[in-house]
Protein chains: 2
Amino acid sequence: MVTHDDKVFKALADASRRQLLDRLRKKNGLTLSELCDGHDMSRQAVTKHLVLLEEANLVTTAKQGREKLHYLNPVPINEIYTRWIGKFERKQVQALHNLKQALEESNDD
Amino acid sequence: MVTHDDKVFKALADASRRQLLDRLRKKNGLTLSELCDGHDMSRQAVTKHLVLLEEANLVTTAKQGREKLHYLNPVPINEIYTRWIGKFERKQVQALHNLKQALEESNDD
DNA sequence: TTGACATGCAACCATTTGGTTGCATATAAT
DNA sequence: ATTATATGCAACCAAATGGTTGCATGTCAA
């Protein structure tokens, strides 16, 4: 079964796709051609990446004349953070807390 | 180039690996056999997943007798959050802020 | 010491992934 | 009307991924 979360994680697993998201974060509403500039691969390859990002709901598109505009949707990223990553962060905070306690206790020697 | 972040993202991209991390989060120091229980795949397949998690520094291992113990390291997860995901979260907060402003302005009609 | 258990290692396999090229179509500009 | 630009679609391909099986090795227990 491919869950929604799984699509997001898999979409984020590729450096080229993360770079595309990064560029949309800096400047939203870029066209396909604009997104292709500076990416060392064919337009069709970029399109494939964008389709995956769309399927993960990380990017929304709107056609304007002959151009296709791309918009970042950061919501799914936030979702996997709150629903998954956050649990591990809290674990780390707790681990640091435990370490701090251990260090303080070792000072009692 | 395969960066450190890239290894972490790719390690998290597989549901089975996320499940393994989840189990270590709930109970740290599990052996390989214990981690295999409840996973519908061969021991060797689980080993491969654990190797990837180790290479991403998400799991640390220690051999004790004939058993191999596995420990969760949540630090890399926190790193990709602060260095990458957080930027998108702030974006979302800002978007919500903008939406709120827009709604309030529309109330002036 | 013999057998059972826990793990390691390697070969192999099907599917997915990430890319390519070629061609078609729709829109804008001259 | 013609040409250039922006995008869509499909076939193809190599490499990576996620799994398998078979066998070897190290360690604990009877």
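Notes on the structure follow. (Residues numbered from 1 in each chain as written. Chains lettered and ligands numbered in written order. Predicted model: local features only at pLDDT ≥ 70, side-chain atom pairs only at ≥ 80, totals over all residues. Heavy atoms only, no water.)

1. Describing the protein's contact with DNA strand D
As a structural note, the neighbourhood of DNA strand D is formed by 20 residues, with Ser33 of chain A together with Ser42, Gln44, Lys48 and His49 of chain B the closest of them. Per the 4 Å cut-off to the protein, sugar and phosphate atoms form 56% of the nearby atoms of DNA strand D. With respect to DNA strand D, the side chain of arginine 66 of chain A contributes an N or O atom lying 2.9 Å from a base oxygen. Contributions of two or more residues to the surface near DNA strand D are made by helix 3 (32-36), helix 4 (43-55) and strand 3 (67-72) of chain A together with helix 4 (43-55) of chain B. Among the elements that take part in the surface near DNA strand D, helix 4 of chain B stands out by supplying four residues, more than any other. Per-class residue counts for the surface near DNA strand D are three nonpolar, seven polar and ten charged. (Near = heavy atom within 4 Å. Polar contact = N/O pair within 3.5 Å; in protein donor to acceptor, adjacent residues only side chain to side chain. Helix = DSSP H or I, 4+ residues; strand = E, 2+ residues; numbered from the N terminus. Nonpolar A, V, L, I, M, F, W, Y, C, P; charged D, E, K, R; others polar.)

2. Points about the relation of the copies chain A and chain B
For the match of chain A to chain B, the screw axis carries a shift of 0.0 Å, the RMSD comes to 0.0 Å, and the turn is 180°. In short, the pair behaves as if placed about a two-fold rotation axis. When C-alpha distances to the rotation axis are compared across chain A, the minimum falls at alanine 13 of chain A, with a value of 2.9 Å. A shared binding surface is used by both copies, with 100% of the interface residues of chain A retained as interface residues in chain B. (Least-squares fit on C-alpha atoms with pLDDT ≥ 70 in both. Contact = heavy atoms within 4.5 Å.)

3. Notes on the interface of chain A and chain B
If you look at the interface, chain A gives 24 residues, while chain B gives 24 residues. Summed over both partners, the interface of chain A with chain B comes to about 2600 Å²; 65% of that surface belongs to carbon and sulfur atoms. Sorting the residues of chain A by area buried against chain B places Arg18, Arg25 and Phe88 of chain A first, and these three jointly supply 24% of that buried surface. Counting the contacts that link chain A with chain B gives four salt bridges. We note a salt bridge from lysine 87 of chain B to aspartate 22 of chain A, for which the minimum N-O separation is 3.6 Å. (Buried area = accessible area lost by both parts, 1.4 Å probe. Salt bridge = Lys/Arg side-chain N within 4 Å of Asp/Glu carboxyl O.)

4. Describing the sheet that holds strand 1 (residues 30-31) of chain A
Sheet strands pair via backbone hydrogen bonds, and the direction of the pair is either parallel or antiparallel. Residues and elements named next belong to chain A. Across the sheet, which stays open at both edges, the three strands sit in the order 1-3-2 with antiparallel pairing between neighbours. Lying at the two open borders of the sheet, with one neighbouring strand each, are strand 1 and strand 2 (59-64). Across six bridges, the pairing between strand 2 and strand 3 is antiparallel. Within strand 3, the position partnered with valine 59 by the bridge is leucine 72. Contacts between helix 2 (residues 15-26) and the sheet are confined to strand 1, strand 2 and strand 3, with strand 3 contributing the most and set at about 90° to the helix. (Pairing = 2+ DSSP bridges. Axes fitted to C-alpha atoms, helices over the stretch in contact; angles between N-to-C directions.)

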